[in-house]
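# Observations on the three-dimensional arrangement
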Amino acid sequence: MNDTTADGGAGTATPDAARRPVIVSVAVAFVYLTGLLSILLGILVLLSRYTQSSSGDVLVVSLIGAAIILVGLLIIGIASGVARGSRLSRIALTVYLAIQVPLHALAIATADFDWIAAIQLSLEIFTLAVLWLPPTNRFFRAAADARP
């Protein structure tokens, strides 16, 4: 009996070190959720420009809303790289989330979306914490070692 039939017919199995742990899958799910909520918050901030009184405030609120939407789209685009174990994607996601924190603070200051921005900030902080936990570090290290 050869090795392929002894293991139930699974010809190519993923090495244990390169398998994605549950915590990384949870982090990826939160990355997608964070990106989608950022887009939603950005749209709400962008629409709140119609309630502003001066033209200077309208411009500021419009730019903040557009920036939140664009960074949310970038976060969603980077999520698949994080799921595959790309170190560059993890670093880029960390930078994007670090950009989002002051944008959400500005959204709280300029628009009336305190609870949405607060939920968003807590999700981002949780996602950042999970991305840099030791099991996650081992997964990214193993994924980098498994690449040719």
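Look up: the structure comes first, before these words.
Residues numbered from 1 in each chain as written. Predicted model: local features only at pLDDT ≥ 70, side-chain atom pairs only at ≥ 80, totals over all residues. Heavy atoms only, no water.

## What to know about the overall build of the protein
Tallying secondary structure elements over the protein gives 6 helices and 0 strands in all. For the protein, the α and β elements follow one another from N to C terminus as α-α-α-α-α-α. When burial is assessed residue by residue, the protein has 36% of its 148 residues classed as buried. The contacts in the protein between residues at least 6 apart in sequence include a share of 75% that link residues at least 24 apart. Approximately 8200 Å² of the protein is accessible, and the part contributed by carbon and sulfur atoms is 69%. (Helix = DSSP H or I, 4+ residues; strand = E, 2+ residues; numbered from the N terminus. Buried < 20%, exposed > 50% of the residue type's maximum accessible area, 1.4 Å probe, protein only. Contact = heavy atoms within 4.5 Å. Areas by Shrake-Rupley, 256 points an atom, 1.4 Å probe, with all protein chains shown as cover.)

## Topic: the packing of helix α2 (residues 22–47) against helix α4 (residues 87–110)
Interaxial distance between α2 and α4 falls to 12 Å at its minimum, and their mutual angle equals 35°. Pair α2 / α4 crosses with left-handed handedness. Facing α2, whose interface residues are V31, T34, S38, L41 and V45, α4 presents L93, L97, Q100, H104 and A107. (Axes fitted to C-alpha atoms, helices over the stretch in contact; angles between N-to-C directions. Left-handed = near helix turned anticlockwise from the far one by under 90°.)

## Here's the deal with the nonpolar core
Core analysis: the largest hydrophobic core is formed by 26 residues, its most contacted members being L41, V45, I68, I75, V82 and L93. Contributions of two or more residues to this core are made by α2, α3 (55–84), α4, α5 (114–131) and α6 (134–146). Among the elements that take part in this core, α3 stands out by supplying 9 residues, more than any other. (Core = buried A, V, L, I, M, F, W, Y, C linked by side-chain atoms within 4.5 Å.)

## Looking at the environment of Y96
Relative to the assigned elements, Y96 resides in helix α4. Once the C-alpha coordinates of Y96 and I78 are considered, the two residues, 18 residues apart in sequence, prove to be 9.6 Å apart. Setting aside residues no more than four positions away along its own chain, Y96 makes contact with V71, L74, I75 and I78.

## A word on a positive patch on the surface
On the surface, R84, R87, R138, R141 and R147 cluster together to form a positively charged patch. Secondary-structure assignment places R87 in helix α4. Its relative accessible area of 39% is what places R87 among the partly exposed residues. (Patch = residues over 30% accessible without salt bridge, like charges linked within 9 Å, V, L, I, M, F, W, Y side chains within 5 Å. Salt bridge = Lys/Arg side-chain N within 4 Å of Asp/Glu carboxyl O. Lys, Arg positive; Asp, Glu negative; His and termini not counted. Charge placed at Lys NZ, Arg CZ, Asp CG, Glu CD.)

## Quick notes on the packing of aromatic side chains
One pass over the full model with this rule turns up 2 aromatic pairs. A centroid spacing of 4.9 Å and a plane angle of 75° characterise the contact between F30 and F126, whose relative ring orientation is edge-to-face. Linking F30 in helix α2 with F126 in helix α5, this pair joins segments that are 96 residues apart in sequence. Here F126 falls in the partly exposed class, since its relative accessible area comes to 38%. The side chain of R90 reaches across the aromatic face of W132, ending 3.8 Å from its centre. Lying over the aromatic face of F140, R90 brings its terminal NZ or CZ to 4.4 Å of the ring centre. (Phe/Tyr/Trp six-rings, centres within 6.5 Å; stacked < 30°, edge-to-face > 60°. Lys NZ or Arg CZ within 6 Å of the ring centre and 35° of its normal.)

## Digging into the side chain of S48
Tracing the chain through its elements places S48 in the loop between α2 and α3. Owing to a relative accessible area of 8%, S48 belongs among the buried residues under this scheme.

Shape is all these values report; function is a separate question.
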